[in-house]
Amino acid sequence: MENTKKMEYTEFKESLKNLVQEKSDDDMKVEIVQIIKNNQIKSENLTYKSRDYNLFPSIRLEELYQKYQEYGMDWCVDMAVSILKNVKRIDEDQLMESWESAKGRIVVELIKESWNQELLEEIPYKAFLDLAVIYRIKMWECKSGDVVHTVTNEMMERWNITEEELYEAALVNLQKEEFEIIGLHQVLKDMTEEHIDVEQKDEFHGWAYVFTNRSRIKGAAAMLRTDLLNRFAEAHGSDLFILPSSVHEVILLPAKEDENTAELRRIVRETNEEIVNEEEWLSDEVYYFRRSMGAVELIPE
């Protein structure tokens, strides 16, 4: 029977590490590593290391600690072991040594440039308004989301390509990716958390649309699909306001002549502060897609 007295976080993570190690194969070493997420958010994760594998899952320890408060240590150990055992070996050299084998797997993500300066010093990127287009290479595809590796300056030198060639290859792949535009009202109805009463919200959701990829993971790169933005704008006979909901999606609003852009910016910043996890913040600005230009622009304050 577990001790009912709960451990502090520092004691918990070391105890969990040791208990998971006891339940793991001898060639699998359990480690606690620090991972830098979007917006320089640091996360302590539990993971495996082994000479026999090169693709390892990891688990956020802070999230497991919250589960520990509710379910206890045995539950956390079993959960960690069940996740971490999903290790794989892939032909990393084939994927990463040759540009010919890598370029079809390059995907883009959008992050806020000024919030990620430390990361951007180490990797190639392309400035896009107040954002940065960064590059990942797909290592493995699965239902819960693709396993990706950030493209570094070192990898680009190994491939002997320019940043422009990297960007062009990523755009080719982006054109092949499937995106969707869904009414915000429908998205709210589909949410599993029923604490949101869509019928009691103001009329905002009736004319707002979510623009994202099919997986709804890192789908804010949809902003780069100006062809789809133009098609949607033409169908509505208006330009579009674009609100950065998170790194996973953006919100499209057919433009009205009397739109209060200061109010839209307030909504974005309030949503970031009160609803969206900081590591998923995309921006605190508002954007505008102008049909006559076929381009996205930043709305000045």
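Here the residue index of a chain counts from 1 through its sequence in written order. In keeping with the predicted nature of the model, local features appear solely for residues at pLDDT of at least 70, side-chain atom pairs appear and are counted solely at 80 or more, and the whole-chain, interface and lining totals rest on all residues. Only heavy atoms go into the side-chain values, all of them from the structure, while hydrogens and water stay out.

J.: Looking at this structure, I do not really get the sheet that holds strand S10 (residues 240–246). What am I missing?
T.: By definition, the strands of a sheet pair up through backbone hydrogen bonds, in either a parallel or an antiparallel sense. DSSP-based pairing: two strands are paired if at least 2 bridges between them are found. Only DSSP runs of H or I covering at least 4 residues are called helices, and only runs of E covering at least 2 are called strands; the numbering of each starts at the N terminus. Across the sheet, six strands lie side by side as S8-S9-S11-S10-S12-S13; this open sheet has antiparallel pairing. Looking along the sheet, the strands with just one partner apiece sit at the ends: strand S8 (179–183) and strand S13 (295–298). The average angle at which neighbouring strand axes cross in this sheet is 30°, direction not considered. In terms of strand pairing, strand S12 (residues 287–290) meets S13 through four bridges, oriented antiparallel. Note on S13: the bridge partner recorded for arginine 290 is alanine 295. Of the strands in this sheet, S10 and strand S11 (249–254) are in contact with helix H11 (residues 261–274), which crosses S10 at around 15°. For helices, the fitted axis covers only the stretch in contact; all axes are lines through C-alpha atoms, and the angles between them, taken along N-to-C directions, range from 0 to 180 degrees. Throughout, a contact is declared for two residues whenever any of their heavy atoms are within 4.5 Å.

J.: Can you walk me through the packing of aromatic side chains in this structure?
T.: The way to describe two aromatic rings as a pair is by their centre distance and the angle between their planes. Pairing of aromatic rings covers Phe, Tyr and the six-membered ring of Trp, with a centre-to-centre limit of 6.5 Å; geometry is then stacked below 30 degrees between planes, edge-to-face above 60, and tilted otherwise. The tally for this structure, following the rule as stated, stands at 10 aromatic pairs. An aromatic cluster of at least three residues, connected via ring pairs, comprises Tyr9, Phe12, Tyr65 and Tyr68. Working rule: Lys NZ or Arg CZ, within 6 Å of ring centre, within 35 degrees of ring normal, means a charge sits over the ring. The cationic tip of lysine 6 hangs over the ring face of tyrosine 68; the distance from NZ or CZ to the ring centre is 4.7 Å. Lying across the ring of tryptophan 207, lysine 256 places its NZ or CZ 4.2 Å from the centre.

J.: Please clarify how a nonpolar patch on the surface should be interpreted in this entry.
T.: Patches were defined on residues exceeding 30% relative accessible area and lacking a salt bridge, with like-charge contacts within 9 Å and nonpolar side-chain contacts (Val, Leu, Ile, Met, Phe, Trp, Tyr) within 5 Å. Shrake-Rupley sampling with a 1.4 Å probe provides the accessible areas, and residues are treated as covered by the protein chains on show and by no other component. Any Lys or Arg side-chain nitrogen located within 4 Å of an Asp or Glu carboxyl oxygen qualifies as a salt bridge. On the surface, Tyr71, Trp75 and Met79 cluster together to form a nonpolar patch covering roughly 270 Å² of accessible area. When you line up the elements, methionine 79 lands in helix H3 (residues 73–84). Accessible area is worked out with a 1.4 Å probe on protein chains only. A residue is then buried under 20% of its type maximum, exposed over 50%, and partly exposed in between. For methionine 79, a relative accessible area of 30% translates into the label partly exposed.

J.: I tried to follow the environment of isoleucine 181 on my own but got confused; where do I start?
T.: Position of isoleucine 181 among the secondary structure elements: in strand S8. For the pair isoleucine 181 and threonine 212, spaced 31 residues apart in sequence, the C-alpha separation works out to 6.7 Å. For isoleucine 181, the contacting residues outside a window of four places in its chain are Tyr209, Val210, Phe211, Phe232 and Leu252.

J.: Can you help me understand unusual backbone geometry in this one?
T.: Peptide bonds are, in most cases, trans, and in most cases residues other than glycine have a negative phi. Of note in this structure, asparagine 39 is not a glycine but carries a positive phi near 65°. Relative to the helices and strands, asparagine 39 resides in the loop between strand S1 (29–36) and strand S2 (42–49). Its relative accessible area of 8% is what places asparagine 39 among the buried residues. We note that asparagine 160 has phi near 60°; this positive angle belongs to a residue other than glycine. Within the secondary structure, asparagine 160 sits in the loop between helix H7 (153–159) and helix H8 (163–176).

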